[in-house]
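Below, each chain spelled out in residue letters.
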Amino acid sequence: MSVIRLDHVTIRTTDLVATLRFYEQFFGLRPGFRPDFSVGGAWLYAEGGDYPILHVIETDNNLPGMRDHVAFRVTGLAAYLDKVKADGCAYMAIPVPGTNLVQVQHRDPNRLLVEATFEGEPIEPGEIRDRQVA
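Residues numbered from 1 in each chain as written. Predicted model: local features only at pLDDT ≥ 70, side-chain atom pairs only at ≥ 80, totals over all residues. Heavy atoms only, no water.

Draft legend 1. Main features of the overall build of the protein. Broken down by element type, the protein carries two helices and eight strands. Secondary structure elements of the protein, listed N to C terminal, follow the sequence β-α-β-β-β-β-α-β-β-β. Taking 14 Å as the expected radius of gyration for a compact globule of 134 residues, we find that the protein reaches 15 Å, a close match to that expectation. Looking at the protein residue by residue over its 134 residues, the buried ones come to 40%. In the protein, the share of contacts with a sequence separation of at least 24, taken over all contacts with a separation of at least 6, comes to 56%. Split by element, the accessible area of the protein, about 8,300 Å² in all, is 51% carbon and sulfur. Charge separation in the protein, taken as the distance between the mean sites of 13 positive and 18 negative side-chain charges, equals 4 Å. (Helix = DSSP H or I, 4+ residues; strand = E, 2+ residues; numbered from the N terminus. Rg over C-alpha atoms; globule rule 2.2 N^0.38 Å. Buried < 20%, exposed > 50% of the residue type's maximum accessible area, 1.4 Å probe, protein only. Contact = heavy atoms within 4.5 Å. Areas by Shrake-Rupley, 256 points an atom, 1.4 Å probe, with all protein chains shown as cover. Lys, Arg positive; Asp, Glu negative; His and termini not counted. Charge placed at Lys NZ, Arg CZ, Asp CG, Glu CD.)

Here it is in structure tokens:
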């Protein structure tokens, strides 16, 4: 057995609409086919993707769940930073030492830490924010 790729991440939310809006705004993920489960939610797909990479489950209360973060490999660092700044949310944007990666971290509406990782797109020194996102 070999792991080939991350299949999907599941998060829980008390605000499905805000969560879907967040992942569409920042990552372009859109709802697609989802089986008729007894609980509400959505499966989100990347543009042109043929499988859901993010499962969202609707709940009445915030149950213990994912505590750290979910990371997406993405492109378009400058445009992404523009979106984050326009949203007014707290964020961290740093080059990863010893690599050609840049990570941008901020929180979704459920307080889940979300990381966007960019490869081969250097960050301008004035754009670096190295404070952890609370």
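Draft legend 2. Broad picture of the packing of helix α1 (residues 16-27) against helix α2 (residues 77-87). The interhelical angle for the contact between α1 and α2, taken along N-to-C directions, is 140°, at an axis separation of 9 Å. Considered as vectors, α1 and α2 are oriented oblique to each other. Facing α1, whose interface residues are Gln25, Phe26 and Phe27, α2 presents Tyr80, Lys83, Val84 and Asp87. (Axes fitted to C-alpha atoms, helices over the stretch in contact; angles between N-to-C directions. Parallel < 35°, antiparallel > 145°, perpendicular 65-115°, else oblique.)

Draft legend 3. Quick peek at α2. Burial in α2 covers these residues: Leu77, Tyr80, Leu81 and Val84. The buried residues of α2 occupy one face: seen down the axis, they fall within an arc of 100°. Turned more than 90 degrees away from the buried face of α2, the exposed residues are Ala78 and Ala86. Buried residues in α2 make contact with α1, β6 (92-95), β7 (101-107) and β8 (113-119). Count one or two residues on from α2 and you reach Gly88, which has phi positive near 75°. (Arc of directions from axis to C-beta.)

Draft legend 4. The arrangement of the sheet that holds β7 in detail. Spatial strand order, β5-β8-β7-β6: four strands in an open sheet with mixed pairing. Looking at the sheet topology across the chains shown, the edges are occupied by β5 (69-74) and β6. Ignoring which end each strand starts from, the neighbouring axes of this sheet average 20° apart. Lying on the sheet, α2 is in contact with β6, β7 and β8; it crosses β7 at an angle near 20°. (Pairing = 2+ DSSP bridges.)

Draft legend 5. Structural context of the nonpolar core. With 30 residues, the main nonpolar core has Tyr23, Phe27 and Val104 as its most contacted residues. At the level of secondary structure, the elements contributing two or more residues to this core comprise β1 (9-13), α1, β3 (41-45), β4 (54-58), β5, α2, β7 and β8. At six residues, the largest contribution of residues to this core is made by α1. (Core = buried A, V, L, I, M, F, W, Y, C linked by side-chain atoms within 4.5 Å.)

Draft legend 6. Looking closely at the pattern of salt bridges. A full pass over the atoms with the stated rule returns three salt bridges. For Arg30, the salt bridge is made with Glu24, and the minimal N-O distance between the two is 2.2 Å. The class for Glu24 is partly exposed, based on a relative accessible area of 34%. (Salt bridge = Lys/Arg side-chain N within 4 Å of Asp/Glu carboxyl O.)

On their own, these measurements won't tell you what the molecule is for.
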